[in-house]
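# Geometric and topological summary
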Amino acid sequence: MAGNDLHVGVLALQGAFESHLKIFRAMGIEALPVKSSQDLERINRIVIPGGESTAIQMLLESNALRQTLSERLNHGMPVFGTCAGMIVLSKVILDGREDQSPLNAIDIVVRRNAFGRQVDSFESSIDVEGLREPFPAIFIRAPIVESVGDDVDVYAKVDDQIVLCGNATTLVASFHPELSSDTRIHEMFLSLGE
Ligand code: GLN
């Protein structure tokens with residue numbers, strides 16, 4: 001997809017969506033807050049932000065967005081999930097709430113609040129596949145990826161735990177790249193599907 005055909009949406013039901021809108025603006029891209037199925041029709045790639053995965057799931061369902069979003073993702077719309085967004089997009093959630101059922105948009109098993117037991121939030125400079133300099137990653141009650149399917153590539157680890165991975169159309173991060181002023185992970189997302 002050519003750069004000028006980008007119609008970026010950020011799911012804006014709950015959580016850190018403003019920070020994603022802001023970082024795209026800083027990159028010269030006007031992203032659309034997505035709150036309804038009509039909004040979904042106007043975009044061709046989407047961010048599921050951090051926040052609270054149980055709340056995001058509930059709001060997707062009560063706003064009748066879940067099915068339309070799932071269909072778009074099944075048809076290959078590029079998606080970027082950060083923290084709670086990664087949990088929502090996963091195939092299997094460990095330590096989730098009983099009624100949590102993820103979208104199964106990427107073949108990963110995630111564990112909620114995996115770092116949070118020891119420490120609520122922290123920053124770590126991480127090496128990312130394809131980036132020349134380390135990335136300043138901010139973790140807040142972060143999940144980890146316990147395992148990935150054959151079609152998923154691992155891009156970064158912290159203490160031997162997977163914190164960034166993806167495939168041709170999906171990128172998921174345990175941390176919050178929208179909270180640092182570094183735009184490189186967002187650029188990785190914008191090049192998905194090209
Ligand atoms: N622990 C949160 C959840 O389960 C995610 C935290 C975050 O997005 N910063 O949804």
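Placed above this text is the structure.
Residues numbered from 1 in each chain as written. Predicted model: local features only at pLDDT ≥ 70, side-chain atom pairs only at ≥ 80, totals over all residues. Heavy atoms only, no water.

Here we come to the overall build of the protein chain. Check the secondary structure of the protein chain and you find 6 helices and 12 strands. Computed over its C-alpha atoms, the radius of gyration of the protein chain comes to 15 Å, within 12% of the 16 Å expected for a compact globule of 194 residues. The principal-axis extent of the C-alpha atoms belonging to the protein chain is close to 40 × 40 × 30 Å. With 194 residues in all, the protein chain has 53% of them scored as buried. Sequence-distant contacts in the protein chain: of pairs separated by 6 or more residues, those separated by 24 or more amount to 63%. Carbon and sulfur atoms make up 45% of the accessible area of the protein chain, which totals about 8900 Å². (Helix = DSSP H or I, 4+ residues; strand = E, 2+ residues; numbered from the N terminus. Rg over C-alpha atoms; globule rule 2.2 N^0.38 Å. Buried < 20%, exposed > 50% of the residue type's maximum accessible area, 1.4 Å probe, protein only. Contact = heavy atoms within 4.5 Å. Areas by Shrake-Rupley, 256 points an atom, 1.4 Å probe, with all protein chains shown as cover.)

The environment of the ligand is formed by Gly50, Gly51, Glu52, Ser53, Cys83, Ala84, Ile87, Arg112, Asn113, Ile140, Arg141 and His176. The backbone of Gly51 places a nitrogen or oxygen atom 2.9 Å from an oxygen atom of the ligand. Here an oxygen atom of the ligand and a backbone polar atom of Ala84 are 3.1 Å apart. Among the residues forming the shell around the ligand, the class breakdown is 4 nonpolar, 5 polar and 3 charged. (Near = heavy atom within 4 Å. Polar contact = N/O pair within 3.5 Å; in protein donor to acceptor, adjacent residues only side chain to side chain. Nonpolar A, V, L, I, M, F, W, Y, C, P; charged D, E, K, R; others polar.)

Within the secondary structure, Glu52 sits in the loop between strand E3 (45-48) and helix H3 (53-62). The contact partners of Glu52, leaving out residues within four places of it in the chain, are Gln14, Ala84, Arg112 and Arg141. Reaching out from Glu52, the side chain makes a polar contact with the side chain of Thr54 at a distance of 3.1 Å.

Attention shifts here to the side chain of His186. Within the fold, His186 resides in helix H6 (residues 184-190). In this structure the side chain of His186 is engaged in a polar contact, spanning 2.9 Å, whose partner is the side chain of His20. Ignoring anything within four residues of it in the chain, the contact list for His186 reads His20, Ile23, Phe24, Met27, Phe80, Pro177 and Glu178.

Another aspect to go through is the packing of aromatic side chains. All told, the structure shown has 5 aromatic pairs when counted by the stated rule. Taken together, the ring pairs connect Phe122, Phe135, Phe139 and Phe175 into an aromatic cluster. The ring of Phe189 carries Arg45 above its face, with NZ or CZ at 5.7 Å from the centroid. (Phe/Tyr/Trp six-rings, centres within 6.5 Å; stacked < 30°, edge-to-face > 60°. Lys NZ or Arg CZ within 6 Å of the ring centre and 35° of its normal.)

Our focus in this paragraph is the nonpolar core. A general tendency of soluble globular proteins is for nonpolar side chains to be buried together. Of all hydrophobic cores here, the largest spans 33 residues; its most connected members are Val128, Leu164, Phe175 and Ile185. Elements that contribute at least two residues to this core include exactly strand E1 (8-11), helix H1 (17-26), strand E8 (135-140), strand E10 (153-158), strand E11 (161-166), strand E12 (170-173) and H6. The element contributing the most residues to this core is H6, with 4 residues. Core analysis: the next-biggest nonpolar cluster, separate from the first, contains 30 residues, Leu40, Leu60, Ile108 and Ile162 among them. (Core = buried A, V, L, I, M, F, W, Y, C linked by side-chain atoms within 4.5 Å.)

For the rest of this paragraph, the subject is unusual backbone geometry. In this structure, Arg141 is a non-glycine residue whose phi angle is positive, near 40°. Summarising the element assignment, Arg141 is placed in the loop between E8 and strand E9 (144-148). Using a relative accessible area of 36% as the deciding quantity, one classes Arg141 as partly exposed. Of note in the backbone geometry, Asp160 takes a positive phi value of approximately 70° without being a glycine. On the secondary structure map, Asp160 appears in the loop between E10 and E11.

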